[in-house]
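Here are the chains, one letter per residue:
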Amino acid sequence: MNALNKPQDDARTSLIIAGRVFVPAEDVETFVAEARATSYPLAAANPGNVLISFCVEDAATGSVTVLEQWASQEALDQHATTPEITALLTKWGPRIRNEVRSFVADEKTPGA
């Protein structure tokens with residue numbers, strides 16, 4: 001079977017959001033708790049969300065690892081423009097250094 005005959009879900013494209021944000025060390029636990037409390041339920045309700053994770057990598061430096069997978073840019077945009085996420089970004093945006101990047105991943109081989 002050639003690529004044109006493959007079922008659509010065998011060759012999905014995903015958007016991967018990955019990297020670190022740096023928060024003042026004294027605020028890192030609060031930031032992660034607020035990010036999880038806000039983002040996790042909204043992402044779970046979004047059928048385009050595959051994975052979302054925020055975790056403290058190094059509390060002393062305020063380093064937080066961010067990892068997200070979305071089925072499409074549209075699904076991520078829907079998430080990012082909710083009032084709750086907009087409020088979270090408005091509150092924390094000026095206080096963090098964002099080193100998170102987005103990547104397009106073409107999933108052709110499961111588990112590879």
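The coordinates are above.
Residues numbered from 1 in each chain as written. Predicted model: local features only at pLDDT ≥ 70, side-chain atom pairs only at ≥ 80, totals over all residues. Heavy atoms only, no water.

(A) The arrangement of helix 3 (residues 83-92) in detail. Within the span of helix 3, buried status applies to Ile-85, Leu-88 and Trp-92. Buried residues of helix 3, seen end-on, are gathered within an arc of 60° and therefore sit on one face of the element. Of the exposed residues in helix 3, the ones pointing more than 90 degrees away from its buried face are Pro-83 and Thr-90. Its buried side turned inward, helix 3 meets helix 1 (28-45) and helix 2 (73-80). (Buried < 20%, exposed > 50% of the residue type's maximum accessible area, 1.4 Å probe, protein only. Helix = DSSP H or I, 4+ residues; strand = E, 2+ residues; numbered from the N terminus. Arc of directions from axis to C-beta. Contact = heavy atoms within 4.5 Å.)

(B) Molecular detail of the pairing of strand 3 (residues 63-70). When you tally the buried positions in strand 3, you get six out of eight residues, the bulk of the element. Looking at chain direction, strand 2 (residues 49-58) and strand 3 are connected through eight bridges and run antiparallel. Within strand 3, the position partnered with Cys-55 by the bridge is Thr-65. In this structure, the hairpin formed by strand 2 and strand 3 is closed by a connection of four residues, where Gly-62 is found at a positive phi of approximately 75°. (Pairing = 2+ DSSP bridges.)

(C) The nonpolar core, seen in detail. Core analysis: the biggest nonpolar cluster contains 19 residues, and Ile-17, Val-21, Val-23, Phe-31, Phe-54, Val-64 and Trp-70 have the highest contact counts within it. Listing elements by their share of this core, those giving two or more residues are strand 1 (12-22), helix 1, strand 2, strand 3, helix 2 and helix 3. The element contributing the most residues to this core is helix 1, with five residues. If near-sequence neighbours (up to four positions away) are discounted, Val-21 is found in contact with Phe-31, Gly-62, Ser-63, Val-64, Val-66, Ile-96, Arg-97, Asn-98 and Val-100. (Core = buried A, V, L, I, M, F, W, Y, C linked by side-chain atoms within 4.5 Å.)

(D) Structural context of the layout of surface pockets. Counted as a void, the largest pocket has a volume near 400 Å³. For the largest pocket, the lining is made up of 20 residues, of which Phe-54, Val-66, Glu-68, Leu-89 and Asn-98 are closest to its centre. For the lining of the largest pocket, the secondary-structure elements that each account for two or more residues are strand 1, helix 1, strand 3, helix 2, helix 3 and strand 4 (97-107). Class assignment of the residues belonging to the lining of the largest pocket gives a composition of 14 nonpolar, four polar and two charged. (1 Å grid on protein atoms, 1.4 Å probe; cavity = no way out; pocket = protein on both sides within 12 Å on 5 of 7 lines; lining within 4 Å. Points joined across faces, edges and corners; volume = space filled by probe spheres on them. Nonpolar A, V, L, I, M, F, W, Y, C, P; charged D, E, K, R; others polar.)

(E) Seen up close, the side chain of Asp-27. As for its placement among the helices and strands, Asp-27 is situated in the loop between strand 1 and helix 1. For Asp-27, the contacting residues outside a window of four places in its chain are Trp-92 and Arg-95.

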